[in-house]
Amino acid sequence: MINYAHDQGWCAPIKVKGLPVEKPIRKAVGDDYMNTLRPHLPPNLYALMLFLYTTGRRVGEAVTLTWDDIDLENGTVFIAQTKNGNAATAILTAELCEILDDMERTDPVFGYTDRRNIYGSLKRACKRAGVEYLGTHQVGRHSFATQLERQGWSPKSIADAGGWKSTRIVNETYTHPDAAAARATELIGKKLASSRQAE
């Protein structure tokens, strides 16, 4: 409103200094987390969490999937509309294909029409498994990006794989470099040792 008034010549521009916002610390999980959680989840919820963990897709996209979107023979999922407004194709792991193949063919695929219906069951499962409850986003998109970063993927490749519009978002929000200084020293040390052996 203030900007509009200024554009109309009704007042001078007004600058308001933004308050500092503390970003929450987000965590990424690994295979151990998923393996520990699996026995405590119903098959449809484990399938949903595995889909998020291995594809980096959003939970809002997962709950809208129907069986018409799934191609188990080719291991793909068609997502008609993402948050960015574009269509996308996700690739399924062999394990997820097997789980989906054993599931009843009723829509929606994972059995949830609203993501809010997931969280209660997931919290209880985490408590039984003795693992920290991290919701769907950290187990999914955050962990997906972090795992790829640790495998040496570039931010551009990570953004393409997970459907992020910009590498800036990947860098600032979605990757969690693990002991970066130690990893860098180890890599350079190995290169140095290798070069000496070659002499």
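Remember, predicted model here, so these are calculated numbers, not experimental data.

**Quick notes on the nonpolar core**
Judged by nonpolar contacts, the single largest core of 41 residues is most densely connected at Tyr33, Leu37, Leu48, Met49, Phe51 and Phe110. Sorting the residues of this core by element identifies helix H2 (31-37), helix H3 (43-55), helix H4 (59-62), strand E2 (76-79), strand E3 (88-91), helix H5 (94-102) and helix H6 (116-129) as the ones contributing at least two each. If one sorts the elements of this core by residue count, H3 sits on top with nine residues. Ignoring anything within four residues of it in the chain, the contact list for Phe51 reads Gly56, Arg57, Ala62, Leu65, Val77, Ala90, Leu92, Leu96 and Phe110.

**Some points on the sheet that holds E3**
Spatial strand order, E1-E2-E3: three strands in an open sheet with antiparallel pairing. The sheet terminates laterally at strand E1 (70-71) and E3, the two strands that pair on one side only. Bridging between E2 and E3 involves four bridges; their strand directions are antiparallel. Residue Ile79 lies in a different strand from E3, and its bridge partner there is Ala88.

**As for the packing of aromatic side chains**
In total, this model carries two aromatic pairs according to the counting rule given. For the pair Phe51 and Phe110, a centre-to-centre distance of 5.7 Å together with 40° between the ring planes defines the contact as tilted. With a gap of 59 residues between them, Phe51 in helix H3 and Phe110 in the loop between H5 and H6 connect regions that are remote in the sequence. A residue is classified by how much of its surface remains accessible, and Phe51, at 1% relative accessible area, is buried. Residue Phe110 is classed as buried on the basis of its relative accessible area of 2%. Here the guanidinium or amino end of Arg105 rests over the ring plane of Trp67, the centre of that ring lying 4.6 Å away. We note Arg141 situated over the ring of Trp164; from NZ or CZ to the ring centre the distance is 3.9 Å.

**Here we look at the pairing of E2**
Because side chains alternate across E2, one face comprises the buried residues Val77 and Ile79, and the other comprises Thr76 and Phe78, none of which is buried. As defined by bridge partners, E1 adjoins E2 across two bridges and the pair is classed as antiparallel. Bridge assignment links Ile70 to a residue of E2, and that residue is Val77.

**Looking at the side chain of Thr82**
Summarising the element assignment, Thr82 is placed in the loop between E2 and E3. The contacts of Thr82, once residues within four sequence positions are left out, are Arg57, Arg58, Glu61, Ala87 and Ala88.

**Focus: the packing of H3 against helix H7 (residues 138-150)**
When two helices pack together, you describe them by how their axes are tilted relative to each other and by the distance separating the axes. Put simply, H3 and H7 touch, their axes get as near as 6 Å, and they point 35° apart. Relative to H7, the crossing made by H3 is right-handed. Here H3 contributes Met49, Leu52, Tyr53, Thr54 and Thr55 to the contact with H7, which in turn contributes Val139, Gly140, Ser143, Phe144 and Gln147. Its residues assigned to classes, the contact of H3 with H7 shows five nonpolar, five polar and no charged.

Quick notes on the rules
Residues numbered from 1 in each chain as written. Predicted model: local features only at pLDDT ≥ 70, side-chain atom pairs only at ≥ 80, totals over all residues. Heavy atoms only, no water. Core = buried A, V, L, I, M, F, W, Y, C linked by side-chain atoms within 4.5 Å. Buried < 20%, exposed > 50% of the residue type's maximum accessible area, 1.4 Å probe, protein only. Helix = DSSP H or I, 4+ residues; strand = E, 2+ residues; numbered from the N terminus. Contact = heavy atoms within 4.5 Å. Pairing = 2+ DSSP bridges. Phe/Tyr/Trp six-rings, centres within 6.5 Å; stacked < 30°, edge-to-face > 60°. Lys NZ or Arg CZ within 6 Å of the ring centre and 35° of its normal. Axes fitted to C-alpha atoms, helices over the stretch in contact; angles between N-to-C directions. Left-handed = near helix turned anticlockwise from the far one by under 90°. Nonpolar A, V, L, I, M, F, W, Y, C, P; charged D, E, K, R; others polar.

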